[in-house]
Amino acid sequence: MHTMWKGSISFGLVNIPIKLFSATEDKDIKLRNLHKECNSPIQYEKTCPNCEKDIGNDDIVKGYEYVKGKFVILNDEELKELKDEHEDKSVEIIDFVKLEEIDPIYFSRSYFMGPGENGSKAYALLREALQKSGKIGIAEITIRSKQQMAIIRVYKNSLVMETIHYPDEVRNVGEVPGVPENVDLNEKELDTAIMLIDQLTTEFNPEKYKDEYRTALMELIESKINNNEGTTSKEAPRTNVVDLMSALQASIERTKSKETATPKKAAAPKGTAKATGTAKPKATPEAPTGTDKTTSVKPKTRTTRKKVGT
């Protein structure tokens, strides 16, 4: 199991090194969008609708839209400074409450907690204390730059941390339209409904329930594979290589056209030197016999004269 966070948890003077492991996983079957003609996966490029061009990560900044179409820009330095100020690798339990006092609407994500190095005894102490007291701990933690509320509770033989929403993250149920308030119900209908609930009441057994749609979809996929109904997408052209070769070929053609269009300069008189900053192989016409041709010699930076035609 992959460790996704390391830190410590404390209550009072007790400090426990811990590791967090994701307690749940998304088992949705992910289907990719393919081009109908060639079965190649569709790519979604980052483009600017205003400039009508593709953009890279270096061209992107963070912005908060405070009014429709108006943004305030937050640069990387500002965000990093805030992150450094609030990112803490410790979890402090600030209160203890009863689990039934928290409505499930507040629960977000679950994490298994394992003891860190030399933390087994303190881990066991907190586990047994929570178990015997029948309480859970309320704590705050920062995970991936996001500060969150969390509860610490016992699950089987381990400690579990569950992140919970802040109160202002839970919407007001009073804003739900059409919810009936005072409705006169027929007593006989109500008794029948309660009787049906009693008949269906049982102990909760999570193994009893399964995602039937996901199971059926996976069976359909496997049957198509077994019947050799799989397909292979065409290999996408290597765009970068093509562009590079095109650019190199265009450069060669442009150089040839310049050589053809530019007349050769008259040779320098005998005894004079023609200095060039860099050597351009095959680009400078051969000097007539008896003239000096100056070239730069690497790795030395000074120029030397080479006698031609002697």
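Residues numbered from 1 in each chain as written. Predicted model: local features only at pLDDT ≥ 70, side-chain atom pairs only at ≥ 80, totals over all residues. Heavy atoms only, no water.

**Here's the deal with the overall build of the chain**
- A count of helical and extended segments in the chain gives five helices and 14 strands.
- In the chain, buried positions account for 16% of the 310 residues.
- Within the chain, counting contacts between residues at least 6 apart in sequence, those at least 24 apart form 53% of the total.
- When the accessible surface of the chain is totalled, it reaches about 26,200 Å², and 53% of it is carbon and sulfur. (Helix = DSSP H or I, 4+ residues; strand = E, 2+ residues; numbered from the N terminus. Buried < 20%, exposed > 50% of the residue type's maximum accessible area, 1.4 Å probe, protein only. Contact = heavy atoms within 4.5 Å. Areas by Shrake-Rupley, 256 points an atom, 1.4 Å probe, with all protein chains shown as cover.)

**Here we look at helix α2 (residues 120-133)**
- Between its first and last C-alpha atoms α2 spans 20 Å; for 14 residues at 1.5 Å apiece the expected length is 20 Å, and the two agree.
- Those residues of α2 lying buried are Ala122, Tyr123, Leu126, Arg127 and Leu130. Projection of α2 onto a plane perpendicular to its axis shows the buried side chains occupying an angular sector of 140°, all on one side. Exposed side chains of α2 directed beyond 90 degrees from the buried face belong to Lys121 and Lys132.
- Immediately beyond the C-terminal end of α2, within one or two residues, lies glycine 134, with a positive phi of roughly 70°. (Expected span 1.5 Å × (residues − 1). Arc of directions from axis to C-beta.)

**Structural notes on a negative patch on the surface**
- Judged by side-chain charge, Asp76, Glu77, Glu78 and Glu81 come together as a negatively charged surface patch.
- Summarising the element assignment, glutamate 77 is placed in helix α1 (residues 76-86).
- Looking at glutamate 77, the relative accessible area reads 58%, which means it is exposed. (Patch = residues over 30% accessible without salt bridge, like charges linked within 9 Å, V, L, I, M, F, W, Y side chains within 5 Å. Salt bridge = Lys/Arg side-chain N within 4 Å of Asp/Glu carboxyl O. Lys, Arg positive; Asp, Glu negative; His and termini not counted. Charge placed at Lys NZ, Arg CZ, Asp CG, Glu CD.)

**Digging into the side chain of glutamate 162**
- Mapped onto the fold, glutamate 162 is located in strand β11 (residues 158-164).
- For glutamate 162, a relative accessible area of 9% corresponds to the buried category.
- One polar contact links glutamate 162 to serine 110, side chain to side chain, over a distance of 3.3 Å.
- Polar side-chain contacts of glutamate 162 include one of 2.4 Å to the side chain of arginine 153.
- Other than its neighbours up to four places away in sequence, glutamate 162 contacts Phe107, Arg109, Ser110, Met149, Ala150, Ile151 and Arg153. (Polar contact = N/O pair within 3.5 Å; in protein donor to acceptor, adjacent residues only side chain to side chain.)

**Quick notes on the pattern of salt bridges**
- Tallying each qualifying case throughout the model produces four salt bridges.
- Where arginine 153 meets glutamate 162, a salt bridge forms, and the shortest distance between an N and an O atom there is 2.4 Å.

**Notes on the sheet that holds β11**
- Overall, mixed pairing links the seven strands, which are arranged β1-β2-β8-β11-β10-β9-β7 in a closed barrel. Averaged over all pairs of adjacent strands, the angle between their axes in this sheet comes to 40°, without regard to strand direction.
- The sheet contact formed by strand β8 (residues 107-115) and β11 spans six bridges and is antiparallel. In the sheet register, tyrosine 111 faces β11, and the bridge partner there is methionine 161.
- Sheet contacts for α2: β1 (5-11), β2 (14-22), β7 (90-97), β8, β9 (136-143), β10 (146-155) and β11; angle to β11, the most-contacted strand, approximately 70°. (Pairing = 2+ DSSP bridges. Axes fitted to C-alpha atoms, helices over the stretch in contact; angles between N-to-C directions.)

**Thoughts on the nonpolar core**
- Counting residues in each nonpolar core, the largest one holds 22 residues, and the members touching the most others are Ile9, Ile16, Leu20, Met113, Leu126, Ile141 and Met161.
- Every element with two or more residues in this core is listed here: β1, β2, β7, β8, α2, β9, β10 and β11.
- The leading source of residues in this core is α2, at four residues.
- Filtering out sequence-adjacent residues up to four positions away, isoleucine 9 remains in contact with Val14, Asn15, Ile16, Ile18, Val91, Ile93, Met113, Leu126 and Ile152.
- With six residues, the next largest nonpolar core counts Ile102, Ile138, Met149 and Ile151 among its residues. (Core = buried A, V, L, I, M, F, W, Y, C linked by side-chain atoms within 4.5 Å.)

**A short note on helix α3 (residues 187-200)**
- The end-to-end C-alpha separation of α3 is 20 Å, in line with the 20 Å expected for 14 residues at 1.5 Å each.
- Burial analysis of α3 places just zero of its 14 residues in the buried class, a small minority of the element.
- For α3, the side-chain oxygen to backbone nitrogen distance between the N-cap and lysine 188 is 2.8 Å, and the N-cap itself is asparagine 186.

**Comments concerning the packing of aromatic side chains**
- A complete count under the given rule lists two aromatic pairs for this structure.
- Judged by centre distance (6.2 Å) and plane angle (25°), the rings of phenylalanine 112 and tyrosine 155 are stacked. Taken together, the residues span a long stretch of sequence, with phenylalanine 112 in strand β8 and tyrosine 155 in strand β10 at a distance of 43 residues.
- Measuring from ring centre to ring centre gives 6.0 Å for phenylalanine 204 and tyrosine 209, while their planes differ by 20°; the resulting arrangement is stacked. (Phe/Tyr/Trp six-rings, centres within 6.5 Å; stacked < 30°, edge-to-face > 60°.)

Honestly, that's just the spatial picture; any functional story needs more than this.
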